[in-house]
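Below are the chains, spelled out letter by letter.
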Amino acid sequence: MYRESLAWVIAAPAKPLLFFAALMICSLLLFPALGEDFFPPVDAGQMRLHVRAPPGTRLETTRAWFAQVEGAIRTIAGNRQIDTILDNIGLPYSGMNIALSDSATVGPMDGEILVSLGKQHTPTAELTARLRRELPQHFRKLQFFFQPAASSIRS
């Protein structure tokens, strides 16, 4: 098979070049679809926000920060849209929990805020975008990033 293919390429070098050019043109036609998802977006009504305080922050101070952030989330999203908020602060209590966790917590200065929205809510992507814009403005000392929520909260 290889010998026949190589003989064909050597005997008629224009054909493989034309084939390659046609393949490149067809590939360029896919350019507008770059960045698109294969699956439609699903709104599960859940958000998973990771919050990190400055290094060396004590657990008690982190807990106070989280209470303030939770209040800001209720204000920004609207308290009637929120069903449940759960805070996980600090390191898990055993090595087994660290090994099985997908959390990025590295110490008492950070943790996650898991938010489950009610049945009638603004689209989760829209709320996430608002929180992503507004929380860093209210809490300049804290770092925020969102993680996929579907695997962490079960409804």
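Note that the structure is predicted; figures quoted are calculated from it, not measured.

Remarks on the overall build of the protein
Scanning the protein for helices and strands turns up five helices and four strands. Order of helices (α) and strands (β) in the protein, N terminus to C terminus: α-α-β-α-β-α-β-α-β. Evaluated residue by residue, the protein yields a buried proportion of 30% over its 155 residues. Pairs at least 24 residues apart make up 79% of the contacts formed inside the protein by residues separated by at least 6 positions. With an accessible surface of roughly 11100 Å², the protein has 63% of that area assigned to carbon and sulfur atoms.

Looking at the pairing of strand S3 (residues 110-117)
Among the eight residues that make up S3, eight are buried, leaving the element largely enclosed by the rest of the structure. Side chains of S3 alternate between two faces, with Asp-110, Glu-112, Leu-114 and Ser-116 and Gly-111, Ile-113, Val-115 and Leu-117 buried alike. Sheet topology note: the strand S1 (residues 46-52)/S3 ladder contains seven bridges and is antiparallel. Residue pairing in the sheet places Arg-48 in a bridge with Leu-114 of S3. Across seven bridges, strand S2 (residues 82-89) lies against S3 in antiparallel orientation. Its bridge partner being in S3, Ile-82 is matched across the sheet by Leu-117.

A look at the sheet that holds S1
A sheet is described by the order of its strands in space; here four strands give the open sequence S2-S3-S1-S4, paired in antiparallel fashion. Of all the strands in the sheet, the pair left with one neighbour each is S2 and strand S4 (143-147). Taken over all neighbouring pairs, the strand axes of this sheet differ in orientation by 20° on average, direction set aside. The sheet contacts of helix H3 (residues 59-77) involve S1, S2, S3 and S4, and relative to S2 the element is tilted by about 160°. Across the sheet, helix H5 (residues 124-138) is in contact with S1, S3 and S4; its angle to S1 comes to roughly 15°.

Some thoughts on the nonpolar core
Grouped together as the largest cluster of nonpolar side chains are 23 residues, with contacts concentrated most on Leu-49, Val-69, Ile-73, Ile-113, Val-115, Leu-135 and Phe-144. Of all the secondary structure elements, the ones that give two or more residues to this core are S1, H3, S2, S3, H5 and S4. Examining the composition of this core, we find that six residues originate from one element, H3, more than from any other. Leu-135 has contacts with Leu-49, Val-69, Ala-72, Ile-73, Ile-76 and Phe-144, leaving out every residue within four places of it along the chain.

Topic: the confidence of the model for the protein
Residues at a pLDDT of 70 or more form 85% of the protein, whose mean pLDDT is 83. Per-element mean pLDDT across the protein ranges from 54 in helix H4 (residues 95-100) up to 92 in H3.

Some points on the pattern of salt bridges
Going through the model one piece at a time under the given rule, you end up with five salt bridges. With a closest N to O distance of 3.3 Å, Glu-60 and Arg-58 form a salt bridge. Relative accessible area serves as the criterion here: at 42%, Glu-60 is assigned to the partly exposed category. In this structure, Arg-74 engages Glu-70 in a salt bridge whose closest nitrogen and oxygen atoms are separated by 3.9 Å. Of the two residues, Arg-74 and Glu-70 both sit in helix H3, four residues apart, roughly one turn of that helix.

Rules used in this analysis
- Residues numbered from 1 in each chain as written.
- Predicted model: local features only at pLDDT ≥ 70, side-chain atom pairs only at ≥ 80, totals over all residues.
- Heavy atoms only, no water.
- Helix = DSSP H or I, 4+ residues; strand = E, 2+ residues; numbered from the N terminus.
- Buried < 20%, exposed > 50% of the residue type's maximum accessible area, 1.4 Å probe, protein only.
- Contact = heavy atoms within 4.5 Å.
- Areas by Shrake-Rupley, 256 points an atom, 1.4 Å probe, with all protein chains shown as cover.
- Pairing = 2+ DSSP bridges.
- Axes fitted to C-alpha atoms, helices over the stretch in contact; angles between N-to-C directions.
- Core = buried A, V, L, I, M, F, W, Y, C linked by side-chain atoms within 4.5 Å.
- pLDDT = per-residue confidence, 0-100.
- Salt bridge = Lys/Arg side-chain N within 4 Å of Asp/Glu carboxyl O.

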